[in-house]
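Take a look at the letters that make up each chain.
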Amino acid sequence: MVEASEPRPGILSTHGISKSFGELRAVDDVSIEIADGEFFTIVGPSGSGKSTLVRILAGLDRPDSGNILLRGEDITATPANARPTCMVFQSLALFTHRTVGENIEFSQKMKGVARDARREHALRMMEVVRLPREYYARPVTQCSGGEQQRVALARALASDPEILFFDEPLSAIDYRLRKILEVEMKDLHRRTGKTFIYITHSLEEAMVMSDRIAIMRSGTLIQTGTPHEIYRRPESRFVAEFMGEVNIFTVADGRLAELGIAAAQIEAPYLVVRPEYLRPAGNGDADFRFRAEVTNDYMLGSRTQFHLDAGGTSLVAELPALAAAGIAPGDVGEWGFDRADAVPLAD
């Protein structure tokens, strides 16, 4: 697998892809470049066009305009079954009347591979996804949800695709198992070195697993970057709010309007501050300071979230457990944040 620090060549790119269904513009002039071996996740709310885009990339749908290149070769008109790619669907689409082994062997059987060779290949794929060998003869209906997810992954890998597409495969799984599978999916990506193109509406999934994230809205890609870049430096108010809890301040006449404090040399109309960058500032060690009352607190495992009322402005702060000790609803005091932790936004 290529080291993350090395530049990776592109494997899949699109140029001006668009797709409409009647008057609905599902995908609108999308151009992307995905690197070989990358875990690339497309995120967006329902109706943003992410599923349609991935179906086009996988060859299951044709775009109305634009083209798709695989290692520089135009594959726009190439059907899905003639591409070196494979899709893992949300429903998993397993053959429920067959065993684990028969599901995994399906692509090899279609190619005419001999039975013994198919079995050995299936067992190798089971090892890759960490399914016990004794599951080979088990009916797939007797597998748990997480085990069926592994069967679907093994079946996809068995065809040795260059690119694996994933259409929200973890959405129907309970939270605890989903967190386990997120880690396993990322580990599987690292061990195989395959290119993963994944779609989800879950920001948390995208942040945990991805090398890069693309945010979609109304059929367009509005920002692409690493999880850190998208979270720390959103380029629009929509991205800032979509990526989790956020405080957004209006800058007017050289002041933060909601707080009534000076904000000299800030030319953008808005400032975005994540909750983890608000903190008690009674000792005056913050660039921007304001007085607020704690109205509620919520335990979030190793962190505590505080809801603040700053003269009628509602804000959210999150502190590590140690820093949160002793702070309770009803407390009134100084809070603040630093200029370096505030992101200026034009809209």
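So, a few notes on the structure that sits alongside this text.

Reading the values: rules and limits
Residues numbered from 1 in each chain as written. Predicted model: local features only at pLDDT ≥ 70, side-chain atom pairs only at ≥ 80, totals over all residues. Heavy atoms only, no water. Pairing = 2+ DSSP bridges. Helix = DSSP H or I, 4+ residues; strand = E, 2+ residues; numbered from the N terminus. Axes fitted to C-alpha atoms, helices over the stretch in contact; angles between N-to-C directions. Phe/Tyr/Trp six-rings, centres within 6.5 Å; stacked < 30°, edge-to-face > 60°. Buried < 20%, exposed > 50% of the residue type's maximum accessible area, 1.4 Å probe, protein only. Lys NZ or Arg CZ within 6 Å of the ring centre and 35° of its normal. Contact = heavy atoms within 4.5 Å. Core = buried A, V, L, I, M, F, W, Y, C linked by side-chain atoms within 4.5 Å.

**A short note on the sheet that holds strand 10 (residues 220-225)**
Thinking step 1. One open sheet holds the 6 strands; their spatial order is 6-7-8-3-9-10, and the pairing between them is mixed. The sheet is open, and its two edges are formed by strand 6 (85-88) and strand 10, each paired on a single side. Each adjacent strand pair in this sheet contributes to an overall mean axis angle of 20°, direction not counted.
Thinking step 2. Inspection of the sheet shows strand 3 (residues 39-43) paired to strand 9 (residues 212-217) by 4 bridges, in the parallel sense. Of the residues in strand 9, the one forming a bridge with Thr 41 is Ile 213.

**Some words on the sheet that holds strand 19 (residues 332-337)**
Thinking step 1. Across the sheet, 5 strands lie side by side as 15-19-16-17-18; this open sheet has antiparallel pairing. Looking along the sheet, the strands with just one partner apiece sit at the ends: strand 15 (279-280) and strand 18 (313-320).
Thinking step 2. Inspection of the sheet shows strand 17 (residues 303-310) paired to strand 18 by 8 bridges, in the antiparallel sense. Each residue of the ladder has a partner; that of Leu 308, found in strand 18, is Leu 315.

**Notes on the pairing of strand 2 (residues 24-35)**
Thinking step 1. Taken together, the 8 bridges between strand 1 (residues 10-21) and strand 2 define a ladder with antiparallel strand orientation. Bridged to Thr 14 within strand 2 is Ile 32.
Thinking step 2. Between strand 1 and strand 2, which pair antiparallel in sequence order, lie 2 residues; one of them, Gly 22, sits at a positive phi of approximately 65°.

**A short note on the packing of aromatic side chains**
Thinking step 1. Counted under the stated rule, the structure contains 9 aromatic pairs.
Thinking step 2. Plain terms: the ring middles of Phe 95 and Phe 106 are 4.8 Å apart, the flat faces sit at 55° to each other, and that makes the pair tilted. Taken as a pair, Phe 95 in the loop between strand 6 and helix 2 (100-110) and Phe 106 in helix 2 lie far apart in primary sequence, 11 residues in all.
Thinking step 3. Residue class for Phe 95 comes out partly exposed when judged on its relative accessible area of 23%.
Thinking step 4. Look at Phe 106 and you get partly exposed, because its relative accessible area is 28%.
Thinking step 5. Plain terms: the ring middles of Phe 306 and Trp 335 are 6.2 Å apart, the flat faces sit at 55° to each other, and that makes the pair tilted. Residue Phe 306 is located in strand 17, and its partner Trp 335 is located in strand 19; the two are separated by 29 residues in the primary sequence.
Thinking step 6. For Phe 306, a relative accessible area of 1% gives the class buried.
Thinking step 7. Members of the aromatic cluster, joined through ring pairs, are Phe 39, Phe 166, Phe 196 and Tyr 198.
Thinking step 8. One cation-aromatic arrangement involves Arg 119 over Tyr 136; the distance from NZ or CZ to the ring centre is 5.0 Å.
Thinking step 9. The cationic tip of Arg 274 hangs over the ring face of Tyr 231; the distance from NZ or CZ to the ring centre is 4.4 Å.

**Things to note about the side chain of Thr 41**
Thinking step 1. Counting through the fold element by element, Thr 41 comes out in strand 3.
Thinking step 2. Apart from the residues lying within four places of it in its own chain, the contact partners of Thr 41 are Tyr 198, Thr 200, Ala 206, Ser 210, Arg 212, Ile 213 and Ala 214.

**Details of the nonpolar core**
Thinking step 1. Ranked by size, the top nonpolar core spans 33 residues in total, and within it Ile 104, Met 126, Phe 166 and Met 185 carry the most contacts.
Thinking step 2. Those elements giving two or more residues to this core turn out to be helix 2, helix 3 (115-128), helix 4 (145-158), strand 7 (163-167), helix 5 (175-192) and strand 8 (195-200).
Thinking step 3. Per-element tally for this core: the top contributor is helix 4, with 7 residues.
Thinking step 4. Not counting residues within four places of it along the chain, the set of residues in contact with Ile 104 comprises Ala 122, Met 125, Met 126, Val 151, Ala 154, Arg 155 and Ala 158.
Thinking step 5. Membership of the second largest hydrophobic core comes to 25 residues, among which are Phe 249, Leu 256, Val 273 and Phe 306.

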